[in-house]
Amino acid sequence: MSFIGDRIMIILVKIIFKTPLHIGEAGIGLEETSQFIHSDTLYSAIFQAWLRLFGETMSDIVLTSAFPFVGNIYYFPRPLLPIPDFTSDLAIQYGKAIKRIRFVDYDNFKKWITGMPLDLEEVLNTSDIISKAIISAVQPKVSLDRMTLASNLYYVGETVFANSLGVGLFFLVKLKAEQMPKFKAALKFLGEEGIGGRRSQGYGAFEAEFEDSFYLDEPETPNAYVTLSLFHPASDGEIRDNLYSYRLVERTGWLEGEKANFGMRHKRVLMIAEGSVFHRRVSGTVVDVAPSGFDAHPVYRNGLAFIIGARLEAK
């Protein structure tokens, strides 16, 4: 457990799924599903559970996206930093393969962000473990017309975790120590309700485990910062002359209230993706994504940054 200040701490939460998971992406149909959970989706789900349990809003909590773990190997997003000591010969041998990987095991992630040489063969082999432990499949489903009972065949993508291998997703959360009891209760409630899409069909049920021995290491004198969450700038000043390398991702979703699904989509918003790199620290903000004319309640999308320091070699 790593403490920041007097009563703020960072903990690691493991999500162990009891059923398949369906996480859709913007612009992709039901046939596709993601192998990880973006921080805005994760935050919204916990926020709703907290609100339903305690009748109050959750605040002052910052979390990462939920990334894969296999056994005792934790995977982090591939940082959009130059590979240390990446020669032209290595680029010819490994360049295309490295670009295709999305996650890097924590040991190599630490080396990457601190500028230490990598064993690229090990990076690729460890990354391949995910493809064997987390499988995306497509399942046929049938819906019935309420009036005519006519059947309609459709397909749903699902992410399946090899629980026999100790596989799931994990995330880091920064919160006040006194918030922990309510946070744990909200995670337990959310695990029973499920996270992601198709929850009424049993998808997304999980149990949460809390790891108190994980230490998030970073360089002593960072001169760059990697985001482990989605990030939406609070102002132009947060990104002006600050972006080193980044990727954008479009985010949207369905409006849900405490008691109902409104059948309406949020406004679409672009966010800076996990693994993006900044020269200076960033904080981010929560974005209002309520569609025009919707006033039943506020609708927000979490773009608060969870960053880790890195070393960027001077050119």
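Residues numbered from 1 in each chain as written. Predicted model: local features only at pLDDT ≥ 70, side-chain atom pairs only at ≥ 80, totals over all residues. Heavy atoms only, no water.

How should I be thinking about helix α2 (residues 88–100) in this particular structure?
Along an α-helix, residues three or four apart share an orientation, since each turn contains 3.6 residues. Over its 13 residues, α2 extends 18 Å from the first C-alpha to the last, a length consistent with the 18 Å expected when each residue adds 1.5 Å. If you look at α2, its biggest bend is around 60°, right at Tyr94. Every buried residue of α2 is accounted for by Tyr94, Gly95 and Ile98. Elements in contact with the buried residues of α2: α3 (106–114) and α4 (120–133). (Helix = DSSP H or I, 4+ residues; strand = E, 2+ residues; numbered from the N terminus. Expected span 1.5 Å × (residues − 1). Bend = angle between axes of the 7 residues up to and from the residue. Buried < 20%, exposed > 50% of the residue type's maximum accessible area, 1.4 Å probe, protein only. Contact = heavy atoms within 4.5 Å.)

Just to check I follow, could you spell out the pairing of strand β5 (residues 73–77) for this structure?
Regular strands have side chains that alternate between both faces of the sheet. By the criterion of burial, β5 is predominantly enclosed, with four of the five residues buried. For strand β4 (residues 67–70) and β5, the ladder comprises two bridges, and the chain directions are antiparallel. When the bridges of β5 are listed, Val70 appears paired with Ile73. Here β5 runs beside strand β6 (residues 103–105); their pairing, made up of three bridges, is antiparallel. Within β6, the residue paired with Pro77 across the bridge is Phe103. (Pairing = 2+ DSSP bridges.)

Help me understand a nonpolar patch on the surface, please; the structure alone is not making it clear to me.
Taken together, Tyr246, Leu248 and Leu270 make up a surface patch of nonpolar side chains, about 310 Å² in accessible area. Its location among the elements puts Tyr246 in the loop between β12 (243–245) and β13 (248–251). We classify Tyr246 as partly exposed; its relative accessible area is 44%. (Patch = residues over 30% accessible without salt bridge, like charges linked within 9 Å, V, L, I, M, F, W, Y side chains within 5 Å. Areas by Shrake-Rupley, 256 points an atom, 1.4 Å probe, with all protein chains shown as cover. Salt bridge = Lys/Arg side-chain N within 4 Å of Asp/Glu carboxyl O.)

So what exactly am I meant to see when it comes to the packing of aromatic side chains here?
The relative placement of two aromatic rings is captured by the distance of their centres and the angle of their planes. Here the structure, examined in full by the defined rule, presents 19 aromatic pairs. Here Phe17 and Phe206 contribute two aromatic rings whose centre-to-centre distance is 6.0 Å and whose plane-to-plane angle is 65°, an arrangement assigned as edge-to-face. With Phe17 in strand β2 (residues 8–17) and Phe206 in strand β10 (residues 206–211), this pair connects stretches of sequence that are 189 residues apart. Taken as a pair, Phe17 and Phe206 share a single burial class, namely buried. (Phe/Tyr/Trp six-rings, centres within 6.5 Å; stacked < 30°, edge-to-face > 60°.)

How do you make sense of unusual backbone geometry when you look at a structure like this?
Phi is mostly negative for residues that are not glycine, and the peptide bonds are mostly trans. Here the phi dihedral of Asp60 falls at roughly 60°; this positive angle occurs in a residue that is not glycine. By the secondary structure assignment, Asp60 is in the loop between α1 (39–54) and β3 (62–63). Within the chain, Asp85 stands out as a residue other than glycine whose phi angle is a positive 55°. Note that Asp85 resides in the loop between β5 and α2. Classification of Asp85 as exposed rests on a relative accessible area of 55%.

Explain the confidence of the model for the protein here, please?
Where the model shows low pLDDT, its predicted coordinates should not be examined in detail. Confidence along the protein averages 85 in pLDDT terms, with 84% of residues attaining 70 or more. Low confidence marks residues 1–6, where pLDDT is under 50. Its contacts with residues over four positions away, or in another chain, come to 14 contacts. Scored below 50 in pLDDT, residues 26–31 shows 14 contacts in the model against residues more than four places distant or in partner chains. (pLDDT = per-residue confidence, 0-100.)

Got a minute to help me understand the pattern of salt bridges in this structure?
Where charged atoms from two side chains of opposite charge come close, those side chains can pair. In this structure the tally under the stated criterion is seven salt bridges. Arg301 is the partner of Asp40 in a salt bridge, and the nearest nitrogen-oxygen pair spans 2.6 Å. Note that Asp40 is positioned in helix α1 and Arg301 in strand β19 (residues 300–304), a separation of 261 residues in sequence. No difference in accessibility class separates Asp40 from Arg301, as the two residues are buried. Close ionic contact of Lys182 with Glu56 constitutes a salt bridge, the shortest N to O distance being 2.8 Å. With Lys182 in helix α5 (residues 180–193) and Glu56 in the loop between α1 and β3, this pair connects stretches of sequence that are 126 residues apart.

Any chance you could explain the sheet that holds strand β17 (residues 277–278) here in plain terms?
Strand pairing in a sheet relies on backbone hydrogen bonds. The paired strands run either parallel or antiparallel. The strand order β12-β17-β11-β20 describes an open sheet built from four strands, whose pairing is antiparallel. Taken across any chain shown, the strands that pair with only one partner, and hence form the sheet edges, are β12 and β20 (307–310). Taken together, the two bridges between strand β11 (residues 224–227) and β17 define a ladder with antiparallel strand orientation. The partner of Val226 across the bridge, within β17, is Val277.

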